[in-house]
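Each chain, letter by letter, is given below.
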Amino acid sequence: MKNTETQDSTHAELEAIKHSLLLQKSEILNKNFEFKEQQSSLSKNSDEADAVSQELESNLSIQLHERDRHSLVLIDKALSKFATNSYGECEGCGDMIDVRRLKARPLATLCISCMEEQESPTRNLIQ
Ligand SMILES: [Zn+2]
């Protein structure tokens, strides 16, 4: 009985994570839509005095856009795991990642011990 209860609450927590991922995804998509709108209004009001600051701003926007695109890929990857019921499985050892860790880092693909083993330069992008 206890096991079933634990599984049910974990399932509910995973559903909550899935919901927040879907929300994040739509936020990014909405933001990027606004970003495009902003870019088109910028080109309409182009003024030589503002050119430099506009360039800085748009560089910042593009960086944000790149980061968002990266996040979208990771979110989609996580969501596709929900579809196959493999979300939360560690890609290193195949064990379930602690749900508390998943709540804090929904895009984590490794459990804490595998993460500590795999010190890599790209780690900070994912974690
Ligand atoms: Zn692991």
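In this text the structure is predicted, and so the values were computed from the model without any measurement.

K.L.:
I keep staring at the confidence of the model for the protein chain and nothing clicks. Help me out?
P.N.:
For any part of a model where pLDDT is low, the fine detail of the predicted coordinates should not be relied upon. Across the protein chain, pLDDT averages 82, with 76% of residues at or above 70. Confidence, read as mean pLDDT per element, is least for helix 5 (residues 123-126) in the protein chain (54) and greatest for helix 3 (residues 99-104) (94).

K.L.:
Teacher, can you tell me more about unusual backbone geometry here?
P.N.:
Backbone geometry at asparagine 85 places phi at a positive 60°, although glycine is not the residue there. Its relative accessible area of 70% is what places asparagine 85 among the exposed residues.

K.L.:
Can you help me understand the nonpolar core in this one?
P.N.:
Leu14, Ile17, Leu21, Phe82 and Tyr87 are the most contacted members of the largest nonpolar core, which has 20 residues in total. Residue assignment for this core shows that the elements contributing at least two residues are helix 1 (2-44), helix 2 (51-83), helix 3 and helix 4 (112-117). Looking at this core, the element that brings in the most residues is helix 2, giving six residues. When neighbours within four sequence positions are excluded, isoleucine 17 is seen to be in contact with Phe82, Tyr87, Val99, Leu102, Lys103 and Pro106.

K.L.:
Help me out: how do you make sense of the coordination of the zinc ion in this one?
P.N.:
Each angle at a metal carrying four tetrahedral donors should ideally be 109.5 degrees, and each at a metal carrying six octahedral donors should ideally be 90 or 180 degrees. Coordination of the zinc ion by the protein is provided by Cys90 (SG), Cys93 (SG), Cys111 (SG) and Cys114 (SG), with metal-donor distances spanning 2.3 Å. Positions of the donor residues of the zinc ion, expressed as sequence spacing, correspond to C-x2-C-x17-C-x2-C. Of this pair, cysteine 93 sits in the loop between helix 2 and helix 3 while cysteine 114 sits in helix 4, and the two are 21 residues apart along the sequence.

K.L.:
Before we go on, may I ask you to explain the packing of aromatic side chains in this structure?
P.N.:
The relation between two aromatic rings is expressed through the spacing of the ring centres and the mutual angle of the planes. On inspection of all chains with the given rule, the structure shows one aromatic pair. Here the aromatic rings of phenylalanine 82 and tyrosine 87 are separated by 4.1 Å at their centres, their planes lie at 15°, and the arrangement is stacked. Just as phenylalanine 82 is buried, tyrosine 87 falls in that class too.

Criteria and thresholds
- Residues numbered from 1 in each chain as written.
- Predicted model: local features only at pLDDT ≥ 70, side-chain atom pairs only at ≥ 80, totals over all residues.
- Heavy atoms only, no water.
- pLDDT = per-residue confidence, 0-100.
- Helix = DSSP H or I, 4+ residues; strand = E, 2+ residues; numbered from the N terminus.
- Buried < 20%, exposed > 50% of the residue type's maximum accessible area, 1.4 Å probe, protein only.
- Core = buried A, V, L, I, M, F, W, Y, C linked by side-chain atoms within 4.5 Å.
- Contact = heavy atoms within 4.5 Å.
- Donors = N, O, S within 2.8 Å, 3.2 Å for Na, K, Ca; no water.
- Phe/Tyr/Trp six-rings, centres within 6.5 Å; stacked < 30°, edge-to-face > 60°.

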